[in-house]
Amino acid sequence: MCGIIGYIGGGNAAREVYQGLKRLEYRGYDSAGGAFLNGDELVVVKKQGRVEKLLPFIDGLRATAGIGHTRWATHGAPSDGNAHPHTVGDISVVHNGIIENYAELKSELVADGAVFVSDTDSEVIAHLLNKFYDGDLAYAMKKTVDMLEGSYAILAVRRGVQRIYAACNKSPLIIGYGDGENFCASDEPALAGKCDGISVLDDGDFAEISAEGVIIYDGDMQAVIREISPNLAVCENLGLGDCPHYMLKEIREVPLSVTQTVKAFAGAEQKLKAAFAGVDRIILTGCGTAYHAALLGKRYFEIFAKIPAETEIASEFRYKNPVIGKNTAVIAVSQSGETADTVEAARLARGLGARVIAVTNSRRSQLNRVADAVVPVAAGVEICVAATKSYTGQVAALLACAFAVAGYSYAEKAGVFGNIAELCGKVIENIDASSLAHLCSRSRGVYFLGRDLDYAVALEGSLKLKEISYVPGEGYPAGELKHGTLALIDENTVSVFLITDERLAGKCANAVEQVVSRGGRAAVITNVNGVPEKLPECVEHIILLPECEPYLAPFLTAVAVQTLAYRTAVILNRDPDKPRNLAKSVTVE
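We now turn to the structure provided with this report. Computed from a predicted structure; not experimentally measured.

Summed over the entire model, instances satisfying the criterion amount to 8 aromatic pairs. For the pair Phe276 and Phe301, a centre-to-centre distance of 5.8 Å together with 20 degrees between the ring planes defines the contact as stacked. Here the residue Phe276 occupies a position in the loop between α8 (269-275) and β16 (281-286), and Phe301 occupies one in helix α9 (residues 289-305), the gap between them amounting to 25 residues. The pair Phe276 / Phe301 is uniform in exposure class, with both members buried. Taking the centre distance of 6.3 Å and the plane angle of 90 degrees together, the rings of Phe403 and Tyr551 count as edge-to-face. With Phe403 in helix α13 (residues 389-405) and Tyr551 in the loop between β25 (541-544) and α19 (553-571), this pair connects stretches of sequence that are 148 residues apart. Looking at Phe403, the relative accessible area reads 3%, which means it is buried.

Let's shift gears to the sheet that holds β16. Strand pairing in a sheet relies on backbone hydrogen bonds. The paired strands run either parallel or antiparallel. One open sheet holds the 5 strands; their spatial order is β17-β16-β18-β19-β20, and the pairing between them is parallel. The strands lining the two open edges of the sheet, one partner per strand, are β17 (309-313) and β20 (373-376). Within the sheet, the average angular offset between the axes of one strand and its neighbour, ignoring direction, is 20 degrees. Relative to strand β19 (residues 355-360), strand β18 (residues 328-334) runs parallel, the two being bridged by 6 bridges.

Now for the pattern of salt bridges. Opposite charge on two side chains lets them pair, provided their charged atoms get close. Under the counting rule described, the total for this entry stands at 30 salt bridges. When the shortest N-O distance is used, the salt bridge between Arg159 and Asp90 registers 3.2 Å. Taken as a pair, Arg159 in the loop between β7 (150-158) and β8 (161-169) and Asp90 in the loop between β5 (86-88) and β6 (91-99) lie far apart in primary sequence, 69 residues in all. Judged by relative accessible area, Asp90 falls into the partly exposed class, the value being 24%. In this structure, Arg281 and Glu310 form a salt bridge, with 2.6 Å as the shortest nitrogen-oxygen distance.

Right, let's get into α13. Helix length check: α13 (17 residues) gives 24 Å between terminal C-alpha atoms against 24 Å at 1.5 Å per residue, within 8%. With its phi angle positive at about 105 degrees, Gly407 sits one or two positions after the end of α13.

Ordered by their spatial adjacency, 7 strands build an open sheet running β5-β6-β7-β8-β12-β13-β14, and the pairing between neighbours is antiparallel. In this open sheet, the two edge strands, each paired with only one partner strand, are β5 and β14 (223-224). Note: β7 against β8, 6 bridges, orientation antiparallel. Bridge pairing links Leu155 to Ala166 in β8. Across the sheet, helix α5 (residues 137-145) is in contact with β6, β7, β8 and β12 (206-209); its angle to β7 comes to roughly 160 degrees.

Moving on, we come to the nonpolar core. Within the largest apolar cluster, 91 residues are counted, with the highest numbers of intra-cluster contacts made by Phe301, Ile331 and Leu399. For this core, the element with the highest residue contribution is α13, accounting for 11 residues. Once residues within four sequence positions are removed from consideration, Ile331 is found in contact with Phe276, Ile282, Ile283, Leu284, Thr285, Phe301, Ile357, Val359 and Leu398. In terms of nonpolar packing, the next biggest core, distinct from the first, is built from 28 residues, Leu148, Tyr152, Ile154 and Tyr217 among them.

Over its 17 residues, α9 runs 23 Å from end to end, which matches the ideal 24 Å to within 8%, given 1.5 Å per residue. Where burial is concerned, most of α9 is hidden: 13 out of the 17 residues are buried. Phi turns positive, to about 55 degrees, at Lys306, one or two residues after α9.

What follows deals with the packing of α9 against α13. The geometry of α9 relative to α13 is characterised by a closest axis approach of 9 Å and an angle of 20 degrees between their N-to-C directions. Relative to α13, the element α9 is oriented roughly parallel. As for the relative orientation of α9 and α13, their crossing is right-handed in sense. Contact with α9, carried on its side by Thr289, Ala290, His292, Ala293, Ala294, Leu296, Gly297, Tyr300, Phe301, Phe304 and Ala305, involves Tyr391, Gln394, Val395, Leu398, Leu399, Cys401, Ala402, Phe403 and Val405 of α13 and no other residues of that element. Grouping the amino acids of the contact of α9 with α13 by side-chain chemistry returns 16 nonpolar, 4 polar and no charged.

Conventions adopted
- Note on numbering: residues in each chain are counted from 1, in written sequence order.
- The predicted nature of this model means local features are confined to residues of pLDDT at least 70 and side-chain atom pairs, given and counted, to a pLDDT of 80 or more, with totals for whole chains, interfaces and linings taken over all residues.
- Only hydrogens and water are set aside; all other atoms, that is, all heavy atoms of the structure, feed into the side-chain values.
- Two rings belonging to Phe, Tyr or Trp (six-membered ring only in the last case) form a pair when the distance between their centres is within 6.5 Å. Interplanar angles under 30 degrees mark stacking, angles over 60 mark edge-to-face geometry, and anything in between is tilted.
- To qualify as a helix, a DSSP run of H or I must reach at least 4 residues; to qualify as a strand, a run of E must reach at least 2; elements of each kind are numbered from the N terminus.
- Between buried and exposed lies partly exposed: a residue is buried under 20% and exposed over 50% of the maximum accessible area for its type, with that area taken using a 1.4 Å probe on protein chains only.
- Two strands pair under a simple rule: DSSP has to find at least two bridges between them.
- Where helices are involved, their axes are fitted lines through C-alpha atoms of the stretch in contact, as for all axes, and angles between N-to-C directions lie from 0 to 180°.
- Every case where a carboxyl oxygen of Asp or Glu lies within 4 Å of a side-chain nitrogen of Lys or Arg is listed as a salt bridge.
- An expected span of 1.5 Å times one less than the residue number is assigned to each helix.
- Whether two residues touch is decided by their heavy atoms; if any such pair falls within 4.5 Å, the residues are in contact.
- Side-chain atoms within 4.5 Å link the members of a nonpolar core, which is a set of buried Ala, Val, Leu, Ile, Met, Phe, Trp, Tyr and Cys residues.
- Here the angle decides the label: under 35 degrees means roughly parallel, over 145 means roughly antiparallel, 65 to 115 means roughly perpendicular, and every other value means oblique.
- In this scheme the handedness of a crossing depends on how the near helix is turned from the far one: anticlockwise by less than a right angle means left-handed, clockwise means right-handed.
- Here the term charged refers only to Asp, Glu, Lys and Arg, the term nonpolar to Ala, Val, Leu, Ile, Met, Phe, Trp, Tyr, Cys and Pro, and the term polar to all other amino acids, Gly among them.

Take a look at the structure:
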């Protein structure tokens, strides 16, 4: 969702905030803005569109403090007026989260004479701060947040006051400690290379940040000490290299994400095994791509550990009354570790006595703090909104978990993961999805079909194509064609079949026949010997992948469907890195 950053110190605050917003743009890119303490002035700049639109307006500033925001719209369409910061009087505010009772608060404020200039929920915060300010912005912040319902990470500045004031609840906020300068931000990567130590604020915390230091208060405004940990975020090479888009670059990094994730797993193996002691049931939960990874994890636990496993979409699970207890393990999968529905699902499970295991690409996140054990995904920074290398990293982490729970040691299965990385590299090097992508780009709908593990990847392939190319479609079990899906098939649709299990190949080939006999266009992605010969002659595209064990095939088919989605988006002149209406990290409902 939205990204926020703040800086105060002897450096150029405008430049620091701008650079921070560029690093945070994956969290939202509908609009961006900043508020800067420039001498005795409070300079506010905000624009609809990408962060770079701010540069001409802030290039000459020599501010000592500033706060910034890059937006993913929730309340109010993207526009200059709805962009953050919101300013009332001499106070400017940026906000990440959702204020659930904003309509009631706005009505009360309007009745008192307040004039609103945006359609956002966040503007109520600026009005409340201005209303309660009596010379102490910290206590105005306390009075304000006491009236808020929902999630928030708030930064505020006031003209003439060399301080940044912060508050958070159910939305992440990190403090960074420098030498004569201090930072705050939505997440750790935004502070890579900027400071040596960081603190993660607890829900309900406040902070008063100056160049000289940071004072943190709890919900009762009592000064508290939060642990200062090393800033482990590194300044990764965020250049594109020879790639025109981050998505292509990150697909090419899939083999490394698998290798690094498995190496990182070695350090978590013993704690994971301890968390699984006595477990007789597993629930895996996540949203979007993470949920699709969980579907594969479910099958891995069943295949290798022989433990009953289920999957739940986190946004549904958190509002159920699940029957779970101390012998249930809940595995929560989230790239950022901040996905609101997944974090709340994990909290629910923990409250009901379940063991909670986090699978995340983030070292410090809300999900990590809820969990009994954390299984790291070491995919590195992923700039493209659509998950690619983080998805295969999640699948690798879940496979490693299943091996460990089944009693295999890391050393026993290290060669398997080396083989996965090598095979993925071959797919990346040799795959040609351009012709099929042209066909998909002209289609009214694209349907991905498969059985068992292939069905899980079919769902992810459909999601990838929809989110970056905007071509409609769905993922289906291939065996369900006759139960309604065939009604969608005609000459304007494309069906992409994934066939990687020899036991099911014949049945899947029959499903291909059902599609083409009804005038549908069909394509097949397979690594099973003999499948091409079993297919109807009118199958237009066959993509061959390297042979492997069926349980390893999802890594290869994932690369194939990711590449297909990427090529289709490029043909349609869509931006695969920043698809419309979407953000990388969904930190609100």
